[in-house]
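# Secondary and tertiary structure notes
Spelled out, the chains give:
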Amino acid sequence: MKLFEPIRIGPFEVRNRTAFAPTHMGHAGPRGEVTDQVLCHYSARAKGGVGLVITEGVGVLGKYAFSIGGGLVFLGDAYRRGLRNLAEVIHLGGARAVAQIIMGQGAQALFHHSRRDLVAPSEISVALAEEHMPKAMRGSGPVQGETARPMTVDEIDELVAATVEAARAMKMAGFDGVELHGAHGYLLAEFVSPYFNQRRDEYGGSFENRLRLPLRLIEEVRQAVGDRFIIGYRQSGDEHIEGGLDLAMSVQVAGRLAEAGIDYFHLSSGCYPRLNWTFPDEEGTLLPEARAFTRAIDVPVICPNVHDPKTAEQAVVEKTTDVVSLSRSLLVDPDWPNKAREGRFDEIRRCRFCCTCVKSMNRYGTGVRCTQNPELGWERFIPRYYPFA
Ligand SMILES: Cc1cc2nc3c(=O)[nH]c(=O)nc-3n(C[C@H](O)[C@H](O)[C@H](O)COP(=O)(O)O)c2cc1C
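Notes on the structure follow. Per chain, the residues get numbers from 1 upward, laid out in the order the sequence is written. Residues qualify for local features only when their pLDDT is at least 70, as the model is predicted, and side-chain atom pairs are given and counted only at 80 or more; totals for whole chains, interfaces and linings, by contrast, use all residues. The basis for every side-chain value is the complete set of heavy atoms in the structure, and neither hydrogens nor water enter the calculation.

Right, let's get into the overall build of the chain. Of regular secondary structure, the chain possesses 12 helices and 15 strands. The reference for a compact globule is 2.2 Å times residues^0.38; the radius of gyration itself is calculated from the C-alpha atoms. A compact globule built from 389 residues would reach a C-alpha radius of gyration of about 21 Å, and the chain, at 19 Å, matches this within 12%. Under the scheme applied here, a residue whose accessible area is under 20% of the maximum for its type counts as buried, over 50% as exposed, and between as partly exposed, the area being computed with a 1.4 Å probe on protein chains only. Within the chain, the proportion of its 389 residues that are buried is 61%. Should any heavy atoms of two residues lie within 4.5 Å, those residues are considered in contact. A fraction of 72% describes how many contacts in the chain between residues 6 or more apart in sequence connect residues 24 or more apart. Accessible surface for the chain amounts to roughly 14,700 Å². Of this, 49% is attributable to carbon and sulfur atoms. Counting rule for charge: Lys and Arg are taken as positive, Asp and Glu as negative, and neither His nor the chain ends is counted. Note on charges: their place is set at NZ of Lys, CZ of Arg, CG of Asp or CD of Glu. If you average the places of the 45 positive and of the 48 negative side-chain charges in the chain, the two averages end up 5 Å apart. Runs of E in the DSSP output that reach at least two residues are strands. Runs of H or I that reach at least four are helices, and both are numbered from the N terminus. Using a 1.4 Å probe, accessible areas were evaluated by the Shrake-Rupley method; residue-level cover was limited to the displayed protein chains.

Here it is in structure tokens:
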């Protein structure tokens, strides 16, 4: 299958065209550190044959709200050893390792457990209406977030510095790259979005001004990490919200990011008010959007929400996307890539789109769970997932 031919991403060859999409698991320790469960979870996915493992979002500035419990962070030297171990177990499984960096949740820090500072480009709040949630998440009523305060320019500078420092730390830890999380309406995405960004200074208003933060991040991270390191960027191809980032604008942004030196573009979709686009109820919903990006930019495009190996193969053969990223499919069955490569399609355990994973992500204190895979979250007790097994 073409899906299992190697592909070059930036300076590195990746063994095939499948990626583990960033997937927050809630397995980090109380201070956001790497635990044995984090190591065994990622070891299982890398051993399962995926080409590129992109970690869940790693937070970089402690003072801003991180409402989702158990997330990984890099907040200084104490975190280096854990991250080095994480890069190593992914490499031991034969995959390339990219760390996703999340600058903050912005106005979308809805489940604001940490009660820290809630900041965004502008004074905004976010609401989730039931009809825009994935089907399996409806029934518990709408959610209304608190109002964020606009970031000062000094705070933007501080955030850039923390992101650059984290990227440098990821390189020192042995990762092959970082992915800047500019999707799903989180803080970085909010700067680019005409819906979320109502600023009137150099970081808001015009298209150019809204691009200032991502372009600055790419430039300063590149200076810090050099050329032998992947910089990826994730963005919602369409926020699906009136006045938000739409497909045409998003393709234009991606073109500018590619010119600025990103090594891949990772598509996603939606924002919290349109959560049904971020966690679709069926597979293949983003393939038409992916095609718009592969036609327009000359860095590899990664497309999520592909669940069936045959859909994945067709998308790669027809150049709809260069790489497919799997999130829920790899939670259900970490061996999806090995089974698909060996033609054992019937042995793949399938996602039922019940979104138990997404629902358990927001339940503070527990890790993500899956109705189809009772082993998820318990990999540290299952010897075949150990790094050296
Ligand atoms: C439990 C869970 C946590 C997620 N966490 C992240 C994350 O940390 N960063 C990110 O960019 N996307 C995250 N996503 C979105 C996925 O990367 C992916 O885009 C989405 O689930 C759709 O793809 P799928 O149909 O293969 O699951 C998460 C998805 C799930 C199910």
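This paragraph deals with the site of the ligand. The cutoff for a nearby residue is simple: one of its non-hydrogen atoms must lie within 4 Å of the molecule or strand. Close to the ligand lie 21 residues, the nearest being Pro22, His24, Arg234, His307 and Arg328. One nitrogen or oxygen atom from the main chain of Pro22 is found 2.8 Å from an oxygen atom belonging to the ligand. Side-chain atoms alone can form a polar contact between residues adjacent in sequence; in general such a contact is a pair of N or O atoms within 3.5 Å, and within protein one must be able to donate a hydrogen while the other accepts it. Within the backbone of Ser327, one N or O atom sits 3.1 Å away from an oxygen atom of the ligand. For the ligand, whose free accessible area comes to 610 Å², the fraction covered by protein is 96%. The greatest single-element share of the shell around the ligand, amounting to three residues, is contributed by helix H12 (residues 356-361). Under this grouping Gly is polar, as are all residues other than the nonpolar Ala, Val, Leu, Ile, Met, Phe, Trp, Tyr, Cys and Pro and the charged Asp, Glu, Lys and Arg. Here the shell around the ligand is composed, by residue class, of seven nonpolar, 11 polar and three charged.

Across the seven residues that make up strand S6 (residues 96-102), a large majority, six, are buried. Two strands make a pair as long as DSSP finds a minimum of two bridges between them. Sheet topology places strand S4 (residues 52-54) next to S6; three bridges connect them, and they run parallel. Note that in S6 the partner of Leu52 across the bridge is Arg96. Here S6 pairs with strand S11 (residues 177-182) via four bridges, running parallel. Within S11, the residue paired with Gln100 across the bridge is Glu179.

Turning our attention to the pairing of strand S13 (residues 264-268). Successive side chains on a regular strand alternate, one facing one side of the sheet and the next facing the other. Summarising burial for S13: five of the five residues are buried, a large majority. Note that strand S12 (residues 230-236) and S13 share five bridges and pair parallel. Among the inter-strand pairings, Gly232 is bridged to a residue of S13, identified as Tyr264. With the strands pointing away from the viewer, any crossover whose connection runs clockwise from the first strand over the helix to the second is right-handed. You can see the chain leave S12, run along helix H6 (residues 247-260) and come back into S13, and the turn it takes is right-handed. Of the pairings in the sheet, the one linking S13 to strand S14 (residues 301-303) comprises two bridges and is parallel in character. Its bridge partner lying in S14, His266 is registered against Ile302.

A few words now on the side chain of Thr55. When you line up the elements, Thr55 lands in the loop between S4 and strand S5 (58-59). Take Thr55: its relative accessible area is 1%, and that puts it in the buried class. Reaching out from Thr55, the side chain makes a polar contact with the backbone nitrogen of Gln100 at a distance of 3.0 Å. Contact partners of Thr55, with chain neighbours within four places excluded, come to Pro22, Tyr42, Leu86, Ile90, Val98, Ala99, Gln100 and Phe175.

With that settled, the discussion passes to the nonpolar core. Counting 119 residues, the largest nonpolar core has Leu86, Ile90, Met170, Phe175 and Ile262 as its most contacted members. In contact with Ile262, not counting residues within four places along its chain, are Ile218, Ile231, Tyr233, Leu257 and Val299. By nonpolar core is meant a set of buried Ala, Val, Leu, Ile, Met, Phe, Trp, Tyr and Cys residues that side-chain atoms within 4.5 Å join together.

Attention now goes to the environment of Cys355. Take Cys355: it is sitting in the loop between helix H11 (336-341) and H12. Of the residues examined, Cys355 reaches a relative accessible area of 2% and is grouped as buried. Taking the C-alpha atoms as reference, Cys355 lies 22 Å from Thr18; in sequence the two are 337 residues apart. Among all residues touching Cys355, those that are not within four sequence positions of it are Pro134, Ala136, Met137, Phe279 and Arg328.

Two aromatic rings are characterised by how far apart their centres lie and by the angle between their planes. Aromatic pairing here means that ring centres of Phe, Tyr or Trp (its six-membered ring) are within 6.5 Å. Orientation follows from the plane angle: under 30 degrees is stacked, over 60 is edge-to-face, and everything else is tilted. Taken as a whole and assessed by the stated rule, the structure comprises six aromatic pairs. With centroids separated by 5.4 Å and ring planes inclined at 75°, the aromatic side chains of Tyr186 and Tyr272 adopt a geometry described as edge-to-face. Note that Tyr186 is positioned in the loop between S11 and helix H4 (187-192) and Tyr272 in the loop between S13 and helix H7 (275-278), a separation of 86 residues in sequence. With respect to burial, Tyr186 and Tyr272 carry one shared label: buried.

Bear in mind that shape data such as this cannot, by itself, settle questions of function.
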